[in-house]
Amino acid sequence: MSTSHSRVAKRVADLPPSGIRKFFELVERMPDAISLAIGEPDFTTPWRGRESAIYSLEKGHTHYTPTRGLQELRDAVASYLERRFGLSYHPDREVLITVGAAEAIDLALRAILNPGEAVLIPQPCFVSYPPCTVLAGGVPLPVPTRVEHDFQVQVSDLEAACDDRARALLMCYPNNPTGAVMDREALEGVMRWAEQNDLIVIADEIYAELHYDGGHVSAAALPGARDRTVLIGGFSKAWAMTGWRLGFAAGPQDLIGGMAKVHAYTVMCAPTMAQEAALDVLYGCDGEVAAMRREYDQRRRVIVRRLRDMGLDCFEPKGAFYAFPSIARTGLTSEQFAERLLQEEKVAVVPGTAFGECGEGFVRCSYATSLPTLEEGMARMARFVARAAG
Ligand SMILES: Cc1ncc(COP(=O)(O)O)c(C=O)c1O
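Residues numbered from 1 in each chain as written. Predicted model: local features only at pLDDT ≥ 70, side-chain atom pairs only at ≥ 80, totals over all residues. Heavy atoms only, no water.

A. Focus on a nonpolar patch on the surface. Among the surface-exposed residues, Val-8, Val-12 and Leu-135 lie close enough to one another that they form a single nonpolar patch of about 220 Å² accessible area. Positionally, Leu-135 belongs in helix α6 (residues 129–135). (Patch = residues over 30% accessible without salt bridge, like charges linked within 9 Å, V, L, I, M, F, W, Y side chains within 5 Å. Areas by Shrake-Rupley, 256 points an atom, 1.4 Å probe, with all protein chains shown as cover. Salt bridge = Lys/Arg side-chain N within 4 Å of Asp/Glu carboxyl O. Helix = DSSP H or I, 4+ residues; strand = E, 2+ residues; numbered from the N terminus.)

Right under this line is the structure:
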């Protein structure tokens, strides 16, 4: 075989490496480093969920489930969405259990896009959105969001980025990496604009339960929005279940049907014991979720105060578990800041540019870590900022 050309498909070879991975790898080689780079809860899954998975295995439930997920879990997800966000979905036709929200994002894009169609993606955004769009044969259209607007996407910016290839809008609130949430009025404006432009909205609401400023408003719950929206959620964040790989999508029958088809041909079904565990945490762990939310909220206040005390402008995050301070006053780029902070003070944060070009001038600090670790990380970062800015 000729070695003159890559054996990896061009669209894969051309994907940029993840800007997050690079920092994880560096941290792994530094045992005394403090990582504020990771987007995963430091909590363990509530015992009720773990116990339920153990029983599932004891009972010998080691087989496939139906493609769309266990009937009881689809019923539970539908009633959870009704109870928490006032949404109504038919569990048989409009709910799909997936291998994490990550799979649901990929399925939605693959089910919706024809070759060359485009997806509007407000940035900074979760790292998988542009690559998954490309892998689905689509074209990402980045839409910048700005700190002056509390990182809420503006209709004028959507308008400027949109062209006649646009088929969908993929957005995430509460947001990773900024911690921004959309207020109802702004969200209504965006959803009205999507309707006028006949776009499908993929709403990644995996952080819906981690909202610290009143309640989460789901994009799908707004007037006229339900039938053009694929709502994505998952268990990884609020229920501290990253390793279980379980998420869900809810939406109109045709779109969920298309996604279920791709899901059937690729993963067949989500893991059985994880589905049984999810069923129990959905019904029985509101107290644990509320306790974790309170703890994140306390850390959120601490990290924002510390960042501001060291002289960095820090937008107040209202959801998820990330702070996104501006590092402009150090005169460093996001990459330089993150690399030097790691080398000099052994603290890992993620450069804002890992989440899109408009993340330049910011870094993402995760507060999904214990308060003492967070305090130590902030003390080291304050030393670094004083040196860099001085
Ligand atoms: C915005 C966003 N969407 C989706 C995911 C993927 O979540 P899951 O573990 O459910 O696949 C993440 C994980 O970091 C995320 O931050």
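Structure's up, so let's keep going.
B. Broad picture of the sheet that holds strand β5 (residues 166–172). With mixed pairing, 7 strands are arranged side by side in an open sheet as β2-β8-β7-β6-β5-β3-β4. Here the strands that pair on one side only, and so sit at the sheet edges, are β2 (95–98) and β4 (139–144). Ignoring which end each strand starts from, the neighbouring axes of this sheet average 20° apart. Strands β2, β7 (229–234) and β8 (247–250) of the sheet are contacted by helix α4 (residues 71–85), whose axis makes an angle of about 115° with β2. Strands β2, β6 (200–204), β7 and β8 of the sheet are contacted by helix α9 (residues 253–266), whose axis makes an angle of about 30° with β2. (Pairing = 2+ DSSP bridges. Axes fitted to C-alpha atoms, helices over the stretch in contact; angles between N-to-C directions. Contact = heavy atoms within 4.5 Å.)

C. The arrangement of the domain arrangement of the chain in detail. The domains assigned to the chain are domain 1 (10–39 + 287–389) and domain 2 (47–284). With centres defined by C-alpha atoms, the gap from domain 1 to domain 2 works out at 25 Å. Each partner contributes residues to the interface: domain 1 has 30 residues there, and domain 2 has 32 residues. When the two sides are added together, the surface that domain 1 and domain 2 hide from each other amounts to roughly 2600 Å², 67% of it contributed by carbon and sulfur. Counting across the interface, domain 1 meets domain 2 through 2 salt bridges. (Domains from an automatic or database assignment. Buried area = accessible area lost by both parts, 1.4 Å probe.)

D. Layout of the site of the ligand. Lining the immediate surroundings of the ligand are 14 residues, of which Ala-101, Asp-204, Ser-236, Lys-237 and Arg-245 lie closest. The side chain of Asp-204 places a nitrogen or oxygen atom 2.6 Å from a nitrogen atom of the ligand. The contact in question runs from an oxygen atom of the ligand to an N or O atom on the side chain of Lys-237, over 2.6 Å. Burial of the ligand by the protein chains amounts to 92% of its free accessible area of 400 Å². A per-element tally of the shell around the ligand places helix α5 (residues 100–112) first, with 4 residues. When the residues that make up the shell around the ligand are grouped by side-chain class, the tally is 8 nonpolar, 3 polar and 3 charged. (Near = heavy atom within 4 Å. Polar contact = N/O pair within 3.5 Å; in protein donor to acceptor, adjacent residues only side chain to side chain. Nonpolar A, V, L, I, M, F, W, Y, C, P; charged D, E, K, R; others polar.)

E. Examining the pairing of β4 more closely. Bridge analysis of strand β3 (residues 118–123) against β4 gives 6 bridges, and the strand direction is parallel. Counted as the bridge partner of Leu-120 is Leu-141 from β4. Note that the unit made of β3, α6 and β4 has a crossover that is right-handed. (Right-handed = clockwise from strand over helix to strand, strands pointing away.)

F. Structural context of helix α8 (residues 184–196). Taking 1.5 Å per residue, 13 residues should reach 18 Å; α8 reaches 18 Å between its end C-alpha atoms and fits that length. Listed as buried for α8 are Leu-187, Gly-189, Val-190, Met-191, Trp-193 and Ala-194. For α8, the elements touching its buried residues are β3, α7 (155–161), β5, β6 and β7. Trailing α8 by a residue or two, Asp-198 shows a phi angle of about 50°, which is positive. (Expected span 1.5 Å × (residues − 1). Buried < 20%, exposed > 50% of the residue type's maximum accessible area, 1.4 Å probe, protein only.)

G. Summary view of the pattern of salt bridges. Tallied over the full model, the rule gives 25 salt bridges. The salt bridge partner of Arg-226 is Glu-94, with a shortest N-O separation of 2.5 Å. One end of the pair, Arg-226, is in the loop between β6 and β7; the other, Glu-94, is in the loop between α4 and β2, with 132 residues separating them in the sequence. A residue is classified by how much of its surface remains accessible, and Glu-94, at 13% relative accessible area, is buried.

H. Structural view of unusual backbone geometry. Between Gln-123 and Pro-124 the backbone carries a cis peptide bond, its omega angle lying at 0°. Relative to the helices and strands, Pro-124 resides in the loop between β3 and α6. Its identity is not glycine, yet Ala-240 carries a phi of approximately 55°, on the positive side. Structurally, Ala-240 can be placed in the loop between β7 and β8. Given a relative accessible area of 6%, Ala-240 falls into the buried group. A positive phi is found at Arg-245, a non-glycine position, where the angle reads about 60°.

I. Local environment of the packing of aromatic side chains. Applying the stated criterion across every chain yields a total of 15 aromatic pairs. Both rings, one in Phe-43 and one in Tyr-296, keep their centres 5.4 Å apart while their planes meet at 75°; by these two values the pair is edge-to-face. Taken together, the positions of Phe-43 in the loop between β1 (34–35) and α3 (47–58) and Tyr-296 in helix α11 (residues 286–309) put the pair 253 residues apart, joining distant regions of the chain. Classification of Phe-43 as partly exposed rests on a relative accessible area of 25%. Between Tyr-207 and Phe-321 the ring centres are 5.5 Å apart and the planes differ by 85°, which places this aromatic pair in the edge-to-face class. Remark: Phe-321 occurs in the loop between α11 and β9 (322–323) and Tyr-207 occurs in the loop between β6 and β7; sequence separation between them is 114 residues. Tyr-207 sits in the buried class, given a relative accessible area of 2%. Aromatic rings pair up to connect Phe-43, Tyr-207, Tyr-296, Phe-321 and Tyr-322 into one cluster. (Phe/Tyr/Trp six-rings, centres within 6.5 Å; stacked < 30°, edge-to-face > 60°.)

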